Amino acid sequence: MSIDLTLDGAVATITINRPERRNAMDAEHYAGLSTAWVEVRDNPAIRAAIVTGAGDKAFSAGADLKSFTAHAPSLAELMLTQQGQLLNRGLEVWKPVVAAVNGACLGGGMTLLLATDIRVAARHATFSVSEVRRGLFPANGGTQRLVQQLPHAIAMELLLTGDSIDAATAERWGLVNRVVETDEVMAVALDYARRIAENAPLAVQAAKELALRSRDVDLAAGLRLEQLMLRLLQTSDDAREGAAAFAEKRAPRFTGA
Ligand code: COA
């Protein structure tokens, strides 16, 4: 049992490696996941990341029900808002994240999924936020991002019933980008991540940051932020390289500077 982080070129893969518990996460796994996201954010060699679960039964069955509910954090811990930040709770990771969903994606697995940018799912994958069936609700962004990312009635149905949807339904509602055969999930996720990693890193990160911040700022402020960010990027080596490569009819060599 562990959180594994491997590097393949500029693509990092984070694997929740606890298949015997369907990749459910206890405190130790959440801490490991937090460390892995910080590494993705801070390591300049990483340009894109994939997150997946070990085995082919589950992406993640969410919080470890056998340890979590019995150990609610103290009020003092609750005030440590910057501790153990996650992709879906507090940590700002502008490098793109691709989810490779290889099975059941439940509860905390779903709230993690909702914080990723591109999602590839196996045909047998299922999706649910079943917390209300266990006396809880999907925190770590579940109540917030579900209604942002799905039509209202669909999001509320999932949130309030705890019902599960299959991969074809998830694809129809745009919760996932692609549904593929189980043995193709990682290859398709890697293809997305590699193609993103070939693009100019600063431009990719700026595009992601602006897109996600658009939910929090009004259009006028968003348009202005775009202008300012674009002006900054225009002075980058990679913007010059992009134009030069086009003029010279060759592939660009981006450095992230
Ligand atoms: N927390 C702790 N243990 C979990 C778990 C979770 N969230 N999800 C699965 N496990 C454990 C099971 O208890 C079982 O342990 P055991 O072998 O000691 O009995 C083992 O993982 C395998 O689970 P099992 O239910 O036999 O596998 P499955 O493939 O038939 O079903 C799930 C997989 C994910 C559909 C099912 O385990 C499930 O519904 N889990 C609960 C998920 C949930 O409600 N999450 C919301 C968290 S608030």
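Residues numbered from 1 in each chain as written. Predicted model: local features only at pLDDT ≥ 70, side-chain atom pairs only at ≥ 80, totals over all residues. Heavy atoms only, no water.

## Here's the deal with the pattern of salt bridges
Where charged atoms from two side chains of opposite charge approach closely, those side chains can pair.
Right, so step 1: What the rule picks out here adds up to 13 salt bridges.
Right, so step 2: In this structure, Asp191 engages Arg195 in a salt bridge whose closest nitrogen and oxygen atoms are separated by 3.1 Å. Taken as a pair, Asp191 and Arg195 lie in helix α7 (residues 185–198) at a separation of four residues, close to a single helical turn.
Right, so step 3: Residue classification places Asp191 among the partly exposed residues on the basis of a relative accessible area of 38%.
Right, so step 4: Residues joined in a network through salt bridges with shared partners are Arg18, Asp26 and Asp64. (Salt bridge = Lys/Arg side-chain N within 4 Å of Asp/Glu carboxyl O. Helix = DSSP H or I, 4+ residues; strand = E, 2+ residues; numbered from the N terminus. Buried < 20%, exposed > 50% of the residue type's maximum accessible area, 1.4 Å probe, protein only.)

## With respect to the layout of surface pockets
Right, so step 1: Within this model, the largest pocket holds a volume of roughly 1400 Å³.
Right, so step 2: Around the largest pocket, the lining comprises 40 residues; the ones closest to its centre are Tyr30, Ala63, Phe68, Arg89 and Asn140.
Right, so step 3: Those elements that place two or more of their residues in the lining of the largest pocket are α1 (27–42), α2 (75–78) and α3 (108–113).
Right, so step 4: Each residue belonging to the lining of the largest pocket can be placed in one class, and the counts come to 18 nonpolar, 14 polar and eight charged.
Right, so step 5: Of the pockets and cavities examined, the second largest pocket occupies roughly 570 Å³.
Right, so step 6: Lining the second largest pocket we find 23 residues, and of these Leu87, Trp94, Arg145, Leu212 and Arg215 sit closest to its centre. (1 Å grid on protein atoms, 1.4 Å probe; cavity = no way out; pocket = protein on both sides within 12 Å on 5 of 7 lines; lining within 4 Å. Points joined across faces, edges and corners; volume = space filled by probe spheres on them. Nonpolar A, V, L, I, M, F, W, Y, C, P; charged D, E, K, R; others polar.)

## Some points on the sheet that holds strand β9 (residues 165–166)
Strand-to-strand pairing in sheets goes through backbone hydrogen bonds, with the strands running parallel or antiparallel.
Right, so step 1: If you trace the four strands from one edge of the open sheet to the other, you get β4-β6-β8-β9, paired in mixed fashion. With partners counted over all chains shown, the strands left at the sheet margins are β4 (58–60) and β9, one partner each.
Right, so step 2: Inspection of the sheet shows strand β8 (residues 126–128) paired to β9 by two bridges, in the antiparallel sense. In the strand pairing of β9, Thr126 is matched with Asp166. (Pairing = 2+ DSSP bridges.)

## Structural notes on the site of the ligand
Right, so step 1: Neighbouring residues of the ligand: 14 residues in total, closest Arg22, Ala61, Leu65, Lys66 and Arg134.
Right, so step 2: Between an oxygen atom of the ligand and a side-chain N or O atom of Arg21, the distance comes to 3.2 Å.
Right, so step 3: Note that an oxygen atom of the ligand is positioned 2.9 Å from one of the side-chain N or O atoms of Arg22.
Right, so step 4: Protein chains bury 63% of the 870 Å² of accessible surface belonging to the ligand in isolation. (Near = heavy atom within 4 Å. Polar contact = N/O pair within 3.5 Å; in protein donor to acceptor, adjacent residues only side chain to side chain. Areas by Shrake-Rupley, 256 points an atom, 1.4 Å probe, with all protein chains shown as cover.)

## Overview of helix α10 (residues 237–247)
Right, so step 1: Of all the positions in α10, only Asp238, Glu241 and Ala245 are classed as buried. With its buried residues spanning 55° around the axis, α10 presents them on a single face. Every exposed residue of α10 that faces more than 90 degrees away from the buried side is listed here: Phe246 and Ala247.
Right, so step 2: Where the residues of α10 are buried, they touch α8 (201–213).
Right, so step 3: A positive backbone phi angle near 55° is found at Lys249, which sits one or two residues after α10. (Arc of directions from axis to C-beta. Contact = heavy atoms within 4.5 Å.)

## Focus: the packing of α8 against helix α9 (residues 219–234)
Right, so step 1: It is at 11 Å that the axes of α8 and α9 come closest, and there the two elements cross at 170°. Of the possible angle classes, the one that applies to α8 and α9 is roughly antiparallel. Seen from α8, the contacting residues are Leu202, Ala203, Ala206, Glu209 and Leu210; seen from α9, they are Leu225, Glu226, Met229 and Leu233.
Right, so step 2: For the contact of α8 with α9, the per-class residue count stands at seven nonpolar, no polar and two charged. (Axes fitted to C-alpha atoms, helices over the stretch in contact; angles between N-to-C directions. Parallel < 35°, antiparallel > 145°, perpendicular 65-115°, else oblique.)

## Structural notes on the domain arrangement of the chain
Right, so step 1: Taken as a whole, the chain is organised into domain 1 (2–197) and domain 2 (201–247).
Right, so step 2: Domain 1 and domain 2 are separated by 27 Å when their C-alpha centres are compared.
Right, so step 3: Domain 1 puts 11 residues into the contact, and the matching count from domain 2 is eight residues.
Right, so step 4: Across the domain 1/domain 2 interface, buried area totals approximately 880 Å², and carbon plus sulfur atoms make up 56% of it.
Right, so step 5: Inspection of the region where domain 1 meets domain 2 yields two salt bridges.
Right, so step 6: The salt bridge involving Glu92 is made with Arg213; its shortest N-O contact spans 3.3 Å.
Right, so step 7: Viewed at the interface, domain 2 and domain 1 are joined by four residue pairs in polar contact (both at pLDDT 80 or more). (Domains from an automatic or database assignment. Buried area = accessible area lost by both parts, 1.4 Å probe.)

## Side note on empty space enclosed by the protein
Right, so step 1: Applying the stated criterion across every chain, the model contains one cavity of 30 Å³ or more.
Right, so step 2: Roughly 40 Å³ of internal volume is contained in the largest cavity.
Right, so step 3: In terms of lining, the largest cavity is formed by Met25, Tyr30, Leu33, Asn88, Gly108, Thr111, Leu112 and Asn140.
Right, so step 4: Here the lining of the largest cavity takes three residues from α3, the largest share from any one element.
Right, so step 5: Residues belonging to the lining of the largest cavity are distributed by class as follows: four nonpolar, four polar and no charged.

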